[in-house]
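Residue-level structure breakdown
Here are the chains, one letter per residue:
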Amino acid sequence: KNEVEQSPQNLTAQEGEFITINCSYSVGISALHWLQQHPGGGIVSLFMLSSGKKKHGRLIATINIQEKHSSLHITASHPRDSAVYICAVYPNTGNQFYFGTGTSLTVIP
Amino acid sequence: DTAVSQTPKYLVTQMGNDKSIKCEQNLGHDTMYWYKQDSKKFLKIMFSYNNKELIINETVPNRFSPKSPDKAHLNLHINSLELGDSAVYFCASSQWGANLDEKLFFGSGTQLSVL
């Protein structure tokens, strides 16, 4: 069983829709990262969260430490948002990141 | 300037060969990582170095040997390549422990194809 579970695995949306991707984890953490990987491979770190909420443009990330859950929201989705979104956590007592299996998002014009 | 630079981007080679992938970061980070990404896009830690010292060595065949000449470089050498080694390999760096408000920075990946 993976320490980090993401849902959904695949998501198709129409341009303009509001999108939510969920991440649940089973260990106590000191940080959670949301990563974006576009077709063609490059991985970019979108957010690092340890509590609360962060916003960057149309992207919003929230975390509930008690419930061990984080969400990534995309408002007014656009085809250029099509990518794989990966959740990664850094455990309190660990020395490495644990990754979710990713959510593949396709936004159709 | 690229924060984490990884070369080559593509590597096609025959089974049994020895190859290296280089990684350099100019962020002043203490910690560097090598990850293997499988065909389902799942990232798996291979190695982690902090200030040139090996911190994590997951269950990886000993044909894979990381080398860190200084804290800005972490190279990956692979001996006797096998078909199952075909994957995308990512180098990454972060501040030690990721306790600061510091993102995880990735290289652009090396797509290794073993024929």
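Placed above this text is the structure.
Below is a short write-up of the structure. Quantities reported herein were computed from a predicted structural model and do not represent experimental measurements. (Residues numbered from 1 in each chain as written. Chains lettered and ligands numbered in written order. Predicted model: local features only at pLDDT ≥ 70, side-chain atom pairs only at ≥ 80, totals over all residues. Heavy atoms only, no water.)

**Some details on the pairing of strand S5 (residues 43-50) of chain B**
All names here are of chain B. Of all eight residues that make up S5, seven are buried, and the element is covered over most of its length. Across four bridges, the pairing between S5 and strand S6 (residues 53-57) is antiparallel. Each residue of the ladder has a partner; that of tyrosine 49, found in S6, is leucine 54. Hairpin connection between S5 and S6: a loop of two residues separates the two successive antiparallel strands, and asparagine 51 in this loop has a positive phi of roughly 50°. (Buried < 20%, exposed > 50% of the residue type's maximum accessible area, 1.4 Å probe, protein only. Helix = DSSP H or I, 4+ residues; strand = E, 2+ residues; numbered from the N terminus. Pairing = 2+ DSSP bridges.)

**Let's talk about the side chain of Gln37(A)**
Mapped onto the elements, Gln37(A) comes out in strand S4 (residues 29-37). A polar contact of 2.7 Å, which involves the side chain of Gln37(A), links it to the side chain of Gln37(B). Residues contacting Gln37(A), with those up to four places away along its chain left out, are Gly42(A), Ile43(A), Ala83(A), Val84(A), Ile86(A), Gln37(B), Lys41(B) and Phe90(B). (Polar contact = N/O pair within 3.5 Å; in protein donor to acceptor, adjacent residues only side chain to side chain. Contact = heavy atoms within 4.5 Å.)

**Details of the sheet that holds strand S3 (residues 19-25) of chain B**
Residue and element names in this part refer to chain B. With antiparallel pairing, four strands are arranged side by side in an open sheet as S1-S3-S8-S7. Two strands close off the open sheet at either side, each with one partner strand: strand S1 (4-7) and strand S7 (64-67). Going across the sheet, the axis of each strand differs from the next one's by a mean of 15°, ignoring polarity. Sheet analysis places S1 next to S3, joined by four bridges and oriented antiparallel. In the sheet register, glutamine 6 faces S3, and the bridge partner there is cysteine 23. (Axes fitted to C-alpha atoms, helices over the stretch in contact; angles between N-to-C directions.)

**Side note on the pattern of salt bridges**
Residue and element names in this part refer to chain B. Going through the model one piece at a time under the given rule, you end up with four salt bridges over all chains. Between glutamate 82 and arginine 63 there is a salt bridge, and its shortest N-O distance comes to 3.5 Å. Pair noted here: glutamate 82 is in the loop between strand S8 (75-78) and strand S9 (87-94) and arginine 63 is in the loop between S6 and S7, with a separation of 19 residues, a long-range link. Taking relative accessible area as the criterion, glutamate 82 reaches 41% and is therefore assigned partly exposed. One salt bridge in this structure joins aspartate 85 and arginine 63, with 2.8 Å as the shortest N-O distance. Of the two residues, aspartate 85 sits in the loop between S8 and S9 while arginine 63 sits in the loop between S6 and S7, which places them 22 residues apart along the sequence. Residue aspartate 85 shares its accessibility class with arginine 63, and that shared class is buried. Overlapping salt bridges bring together Arg63, Glu82 and Asp85 as one network. (Salt bridge = Lys/Arg side-chain N within 4 Å of Asp/Glu carboxyl O.)

**Observations regarding the pairing of strand S9 (residues 83-91) of chain A**
Residues and elements named next belong to chain A. In terms of residue burial, S9 counts as a mostly covered element, since nine of its nine residues are buried. Of the two faces of S9, the one holding Ala83, Tyr85, Cys87, Val89 and Pro91 and the one holding Val84, Ile86, Ala88 and Tyr90 are both buried throughout. In terms of strand pairing, S4 meets S9 through eight bridges, oriented antiparallel. By the bridge assignment, tryptophan 34 is partnered in S9 with cysteine 87. Pairing analysis gives two bridges linking S9 to strand S10 (residues 98-99), with the strands arranged antiparallel. Following the sheet pairing, valine 89 is matched in S10 by tyrosine 98.

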